[in-house]
Amino acid sequence: MDPAELLAAYEQMSVIRRTEKAAHDLFLQGLVKGTTHLAAGHEAIAVGASAALRRDDYVFATYRGHHHAMARGATPEECLAELMSRATGLCRAKGGSMHLTKAATGMLGSYAIVGAHLPMAAGAAWSAKLRGTGQIAVAFFGDGATNIGAFHEALNLAAVWKLPVLFVCENNLYMEYTPIADVTAVARPAADRAPAYGIPGETVDGNDVVAVHEAVVRFAARARAGDGPALLEARTYRHFGHSRADPAAYRPAEEVERWLKHDPLDLARGRLVESGVSDAVVKEADERATSVVQKAVEAAKAAPPPDPDEALTDVWADGGAAWRT
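Residues numbered from 1 in each chain as written. Predicted model: local features only at pLDDT ≥ 70, side-chain atom pairs only at ≥ 80, totals over all residues. Heavy atoms only, no water.

(A) Spotlight on the overall build of the chain. For the chain, the helix and strand inventory stands at ten helices and eight strands. Whereas a compact globule of 325 residues would reach a radius of gyration of roughly 20 Å, the chain reaches 19 Å, a difference of no more than 12%. Evaluated residue by residue, the chain yields a buried proportion of 50% over its 325 residues. Sequence separation of 24 or more characterises 74% of the internal contacts of the chain that already satisfy a separation of 6 or more. (Helix = DSSP H or I, 4+ residues; strand = E, 2+ residues; numbered from the N terminus. Rg over C-alpha atoms; globule rule 2.2 N^0.38 Å. Buried < 20%, exposed > 50% of the residue type's maximum accessible area, 1.4 Å probe, protein only. Contact = heavy atoms within 4.5 Å.)

Structure below.
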């Protein structure tokens, strides 16, 4: 990344961080119903990876997917309105926090069933290969999914068919409330499984947007060249608990402190200073991010509720809902 690209990535991460904070505050105000799974701390993975992709590439994410939706073109207003069940929401109040989708920008959804989207990403990659479009699919998933059958099925099929798909594990050390290391036979739950399927497996600092970007650039080029899938394990840490119902008291205080000192925004800010970007320019980026999110919050609050007449639209691709066999 050159300084201009890094500054743009930093500002996007700043917007995402502030949007997550807004989602947290709106939940406490009773304006977000149900739960949310915040991705504060994971921003560098979504932003770094997305900056390495084409606009028409496909992205699949987990229920902790706000950052991926925004990195792929969803606005803070669309996301917050969706969380608040407003008509202007990304899915017009039909998706909520765990199902953010914007197909027009290649964000083919976030999924609540652990690991379920990995075979779907393989299917999207197979479609791209069949059509010869040069597109790739990227599946982002948590460390817990590495012990799910769909993870192994997707990797195996992708390797056999040499599909243009990249599997990216966001390893935040915990599968919900259980340390992944306590229930996994290998030290690197994703990367150490790659050799079993004959594909490259690599780890990267998931809090370093430049490191993530460089890794995805390499693996994306490899996939487009017809060399098949790869597995990237990005080590990161969530700033909040698993969900809004989780105070995360199971995490050692010294571990939390250590990771908070390795914040993605701080790392990017440091890289910007090293590249000659002034503190004033970085501050301006943060101020723009703050303004964007403040306006998004107010717009989402003022947006109308969804029209009940639209409840049964969009069940099928043609917009209908009639039962069919």
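(B) Geometry of the sheet that holds strand β1 (residues 58-62). Strand order in the open sheet formed by six strands is β2-β1-β3-β4-β8-β7, and the pairing between neighbours is parallel. Two strands bound the open sheet, and with one partner strand each, they are β2 (107-111) and β7 (201-205). Taken over all neighbouring pairs, the strand axes of this sheet differ in orientation by 20 degrees on average, direction set aside. One ladder, built from five bridges, connects β7 with strand β8 (residues 230-235); its direction is parallel. Among the inter-strand pairings, Asp 205 is bridged to a residue of β8, identified as Arg 235. The strands touched by helix α6 (residues 149-161) are β3 (137-142), β4 (165-171) and β8; relative to β4, the strand with the most contacts, the crossing angle is about 150 degrees. Here helix α7 (residues 209-224) sits on the sheet and contacts β4, β7 and β8; the angle it forms with β7, its principal contact strand, is near 155 degrees. (Pairing = 2+ DSSP bridges. Axes fitted to C-alpha atoms, helices over the stretch in contact; angles between N-to-C directions.)

(C) A look at the side chain of Thr 36. Mapped onto the elements, Thr 36 comes out in the loop between α1 (3-28) and α2 (43-51). Residue Thr 36 is classed as buried on the basis of its relative accessible area of 0%. Leaving out residues up to four positions away in the same chain, Thr 36 has contacts with His 66, Leu 83, Ser 97, Ser 243 and Arg 244.

(D) Representation of the state of the cysteines. In this structure the tally under the stated criterion is zero disulfides. In this model Cys 91 remains outside any disulfide bridge; the closest cysteine sulfur is found in Cys 79, 9.0 Å from its own. (Disulfide = S-S within 2.5 Å.)

(E) Quick look at the pattern of salt bridges. Across all of its chains, the model carries 16 salt bridges by this definition. Lys 94 is the partner of Asp 314 in a salt bridge, and the nearest nitrogen-oxygen pair spans 3.4 Å. Of the two residues, Asp 314 is situated in the segment after α10 (279-302) and Lys 94 in the loop between α4 (76-83) and β2; the sequence distance between them amounts to 220 residues. The closest approach of N and O atoms between Arg 324 and Asp 318, which form a salt bridge, is 3.6 Å. Given the relative accessible area of 37%, Arg 324 is considered partly exposed. The structure contains a network of salt bridges with shared partners spanning Arg 17, Glu 43 and Asp 263. (Salt bridge = Lys/Arg side-chain N within 4 Å of Asp/Glu carboxyl O.)

(F) Molecular detail of the packing of α2 against α7. Running from amino to carboxyl end, α2 crosses α7 at an angle of 40 degrees, the nearest separation of the two axes being 8 Å. The orientation of α2 relative to α7 falls into the category oblique. Considering only the axes of α2 and α7, their crossing is right-handed. Every residue of α7 that contacts α2 at Ala 44, Ile 45, Val 47, Gly 48, Ala 49 and Ala 51 is listed here: Val 209, Val 212, His 213 and Val 216. Along the lines of polarity and charge, the residues of the contact of α2 with α7 split into eight nonpolar, two polar and no charged. (Parallel < 35°, antiparallel > 145°, perpendicular 65-115°, else oblique. Left-handed = near helix turned anticlockwise from the far one by under 90°. Nonpolar A, V, L, I, M, F, W, Y, C, P; charged D, E, K, R; others polar.)

(G) Geometry of the nonpolar core. Within the largest apolar cluster, 45 residues are counted, with the highest numbers of intra-cluster contacts made by Leu 166, Val 209, Val 216 and Leu 232. Looking at which element gives the most residues to this core, the answer is α7, with nine residues. When near neighbours in sequence (up to four residues on either side) are disregarded, Leu 166 contacts Ala 137, Val 138, Ala 139, Val 216, Phe 219, Ala 230, Leu 231 and Leu 232. Core analysis: the second largest hydrophobic core is formed by 24 residues, Phe 60, Ala 124, Ala 139 and Ala 145 among them. (Core = buried A, V, L, I, M, F, W, Y, C linked by side-chain atoms within 4.5 Å.)

(H) Spatial organisation of the pairing of β1. Across the five residues of β1, five count as buried, placing the element largely inside the fold. Neither face of β1 is open: one carries Tyr 58, Phe 60 and Thr 62, the other Val 59 and Ala 61, and all of them are buried. Pairing of β1 with β3, which is carried by three bridges, proceeds in the parallel orientation. In the strand pairing of β3, Phe 60 is matched with Ala 139. By the bridge criterion, three bridges tie β1 to β2 in an arrangement that is parallel. Counted as the bridge partner of Ala 61 is Ser 110 from β2.

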